[in-house]
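Residue-level structure breakdown
Next come the chains, spelled out residue by residue.
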Amino acid sequence: METAQIKAVIFDMDGVLLDTETISWHSWELAANEFGLKDIASANARCMGANRADTYALLRNIYGKDFPSEKFIDRTSELTTQIIQRNGVPLMPHAKEALEYLGKKYTLALASSTRKSVVQKQLASVGIIGYFKTLTTGDMVEHSKPNPEIY
């Protein structure tokens, strides 16, 4: 039996390379308070990693078909932007070291459900965008993770 040789490593961004999930959780809590929503942690957990279209559908499934999911997500995005402008986005521990090590041996790619413009800006802001040969983002696919299309 032949052993497969690894040629590339595909990374996720949020929660793997950048600690954006902490910021996202906080912005969802703030927006939920403004919208009068209960149990936002459960909804956020179900939507984590989904692109916008899938998030809109999940939120309508949770809060009802008339829920203004686009307005809610727009508000979480505004709050996230405010937090990032104030504090930046921290790298996850050892993320850069892992990229440096693996980048010497393998082709590196990124698959993120986040929009391309945001991915590029955030990766550039922490100095790691140059490690990736290719970026596939949530606005480039119809369905995000766990659907395998992004890979």
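In short, a report on the structure. Predicted model, so just to flag it, every value in this text is computed and none were measured. (Residues numbered from 1 in each chain as written. Predicted model: local features only at pLDDT ≥ 70, side-chain atom pairs only at ≥ 80, totals over all residues. Heavy atoms only, no water.)

Let's talk about the packing of helix H3 (residues 52–63) against helix H4 (residues 69–87)
Operational definition: Orientation is described by lines fitted to C-alpha atoms, with helices fitted over the stretch in contact, and by angles between N-to-C directions that extend from 0 to 180 degrees. Runs of E in the DSSP output that reach at least two residues are strands. Runs of H or I that reach at least four are helices, and both are numbered from the N terminus. Orientation categories follow fixed angle ranges, with anything under 35 degrees roughly parallel, anything over 145 roughly antiparallel, 65 to 115 roughly perpendicular, and all other angles oblique. Left-handed describes a crossing whose near helix is turned anticlockwise from the far helix by less than a right angle; the clockwise case is right-handed. Residue contacts are counted whenever heavy atoms from the two residues lie within 4.5 Å of one another. The nonpolar class holds Ala, Val, Leu, Ile, Met, Phe, Trp, Tyr, Cys and Pro. Asp, Glu, Lys and Arg form the charged class, and all remaining residues, Gly among them, are polar.
At a closest axis distance of 9 Å, the pairing of H3 and H4 adopts a crossing angle of 120 degrees. What the angle tells us is that H3 and H4 run oblique. The two elements H3 and H4 cross, and the hand of that crossing is right-handed. Residues Arg52, Thr55, Tyr56, Leu59 and Arg60 of H3 lie in contact with H4, whose contacting residues are Ser69, Glu70, Phe72, Ile73, Asp74 and Ser77. Each residue belonging to the contact of H3 with H4 can be placed in one class, and the counts come to four nonpolar, three polar and four charged.

What about the side chain of glutamine 122?
Condition: For the exposure calls, accessible area comes from a 1.4 Å probe over protein chains only, and a residue counts as buried if that area is under 20% of its type's maximum, exposed if over 50%, partly exposed in between.
Here glutamine 122 lies in helix H6 (residues 116–125). For glutamine 122, a relative accessible area of 10% puts it in the buried group. Excluding anything up to four places from it in sequence, glutamine 122 contacts Met13, Asp14, Leu18, Thr20, Ile84 and Val89.

Describing the environment of leucine 135
Residue placement: leucine 135 occurs in strand E3 (residues 134–137). Remark: the alpha-carbon pair of leucine 135 and isoleucine 10, spanning 125 residues in sequence, is separated by 9.4 Å. Discounting chain neighbours no more than four positions away, the residues touching leucine 135 are Leu110, Val119, Gln120, Leu123, Ile129 and Met140.

Focus: the pattern of salt bridges
Applied cut-off: Any carboxyl oxygen of Asp or Glu that lies within 4 Å of a side-chain nitrogen of Lys or Arg is treated as forming a salt bridge with it.
A complete count under the given rule lists four salt bridges for this structure. Between glutamate 34 and arginine 75 there is a salt bridge, with the nearest N and O atoms lying 2.7 Å from each other. Here glutamate 34 is found in helix H1 (residues 20–35), whereas its partner arginine 75 is found in helix H4, with 41 residues between them in sequence. Across the salt bridge formed by glutamate 70 and arginine 60, the nearest N and O atoms sit 2.5 Å from each other. Residue glutamate 70 is found in helix H4, and its partner arginine 60 is found in helix H3; the two are separated by ten residues along the sequence. Since its relative accessible area comes to 34%, glutamate 70 is described here as partly exposed. With a relative accessible area of 27%, arginine 60 lands in the partly exposed category. Within the structure, one salt-bridge network assembled from shared partners comprises Glu34, Arg75 and Glu78.

Quick notes on the packing of aromatic side chains
Definition in use: Geometry of aromatic contacts follows a simple scheme: Phe, Tyr and Trp rings, the Trp one being its six-membered ring, pair when their centres are within 6.5 Å, and the pair is stacked under 30 degrees between planes, edge-to-face over 60, tilted otherwise.
Taken as a whole, this structure holds six aromatic pairs when the rule is applied. Taken together, a centroid distance of 6.2 Å and an interplanar angle of 75 degrees make the contact between phenylalanine 11 and phenylalanine 132 edge-to-face. With phenylalanine 11 in strand E1 (residues 8–11) and phenylalanine 132 in the loop between H6 and E3, this pair connects stretches of sequence that are 121 residues apart. On the numbers, 5.1 Å between centres and 35 degrees between planes, the contact of tyrosine 63 with phenylalanine 67 is tilted. For tyrosine 63, a relative accessible area of 25% corresponds to the partly exposed category. Grouping aromatic residues by their ring pairs yields a cluster made of Trp28, Phe35, Tyr63, Phe67 and Phe72.

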